[in-house]
Amino acid sequence: QLFYGFPASGNFNLQEVKNAMKRASEEDAVLVFYAHNIKRGPSKSHHVSYKQLKEILEYAKSLGMALCGMNEL
């Protein structure tokens, strides 16, 4: 089992997330994301925007990663 984490006090960095996704994909690992206050417009540096979320989901699809919601775990 592998665990990836980002400090709750740190800034959201899309490239770090993509790097973790790529590694998890290559190692057939489970990667869990959760976010609060997903917004359309500008947000605080540690929040995720709709645009960033869309990019994360598209990247997951390109890697062939399975996606599931919390209610499916």
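See the structure printed just above.
Residues numbered from 1 in each chain as written. Predicted model: local features only at pLDDT ≥ 70, side-chain atom pairs only at ≥ 80, totals over all residues. Heavy atoms only, no water.

J.: Honestly, the overall build of the protein in this entry has me stumped. Any pointers?
T.: A count of helical and extended segments in the protein gives two helices and zero strands. The buried share of the protein, taken over its 73 residues, is 18%. Within the protein, contacts between residues at least 6 apart in sequence are counted, and of these 53% link residues at least 24 apart. If you sum the accessible surface of the protein, you get close to 5900 Å²; carbon and sulfur atoms cover 51% of it. (Helix = DSSP H or I, 4+ residues; strand = E, 2+ residues; numbered from the N terminus. Buried < 20%, exposed > 50% of the residue type's maximum accessible area, 1.4 Å probe, protein only. Contact = heavy atoms within 4.5 Å. Areas by Shrake-Rupley, 256 points an atom, 1.4 Å probe, with all protein chains shown as cover.)

J.: I tried to follow the packing of aromatic side chains on my own but got confused; where do I start?
T.: Here a ring pair, both rings aromatic, is described through the centre-centre distance and the interplanar angle of the planes. Applying the stated criterion to the full structure yields zero aromatic pairs. One residue, lysine 18, lies across the ring of tyrosine 59, its end atom 5.3 Å from the ring centre. (Phe/Tyr/Trp six-rings, centres within 6.5 Å; stacked < 30°, edge-to-face > 60°. Lys NZ or Arg CZ within 6 Å of the ring centre and 35° of its normal.)

J.: Would you take a moment to explain the side chain of serine 49 for this structure?
T.: If you trace the backbone, serine 49 turns up in the loop between helix 1 (14-26) and helix 2 (50-62). Excluding its chain neighbours within four sequence positions, the residues that come into contact with serine 49 are Ile38, Lys39 and Gly41.

J.: Looking at this structure, I do not really get the nonpolar core. What am I missing?
T.: Side chains of a nonpolar character, in soluble globular proteins, are inclined to be buried together. Grouped together as the largest cluster of nonpolar side chains are nine residues: Leu14, Val17, Ala20, Met21, Ala24, Leu31, Ile56, Ala60 and Leu63. Of all the elements in the fold, those that place two or more residues in this core are helix 1 and helix 2. Of the residues forming this core, the biggest block, five residues, is contributed by helix 1. Beyond its immediate chain neighbours, meaning those up to four positions away, leucine 14 contacts Gln52, Glu55 and Ile56. (Core = buried A, V, L, I, M, F, W, Y, C linked by side-chain atoms within 4.5 Å.)

J.: So what exactly am I meant to see when it comes to helix 2 here?
T.: Within an α-helix, residues lying three or four positions from one another point in the same direction, as the helix has 3.6 residues per turn. With 13 residues, helix 2 extends 18 Å from end C-alpha to end C-alpha; this agrees with the ideal 18 Å at 1.5 Å per step. Immediately downstream of helix 2, the backbone of glycine 64 shows phi near 75 degrees, a positive value. (Expected span 1.5 Å × (residues − 1).)

J.: Sorry, what's going on with the packing of helix 1 against helix 2 here?
T.: Each packed pair of helices is defined by two parameters, the angle between the axes and the distance between the axes. The contact between helix 1 and helix 2 brings their axes to 11 Å, and the two run at 20 degrees. Put simply, helix 1 runs roughly parallel to helix 2. Seen from above, helix 1 lies across helix 2 with right-handed handedness. Note on element contacts: helix 2 touches helix 1 through Gln52, Glu55, Ile56, Tyr59 and Ala60, opposite Leu14, Val17, Lys18, Met21 and Lys22. (Axes fitted to C-alpha atoms, helices over the stretch in contact; angles between N-to-C directions. Parallel < 35°, antiparallel > 145°, perpendicular 65-115°, else oblique. Left-handed = near helix turned anticlockwise from the far one by under 90°.)

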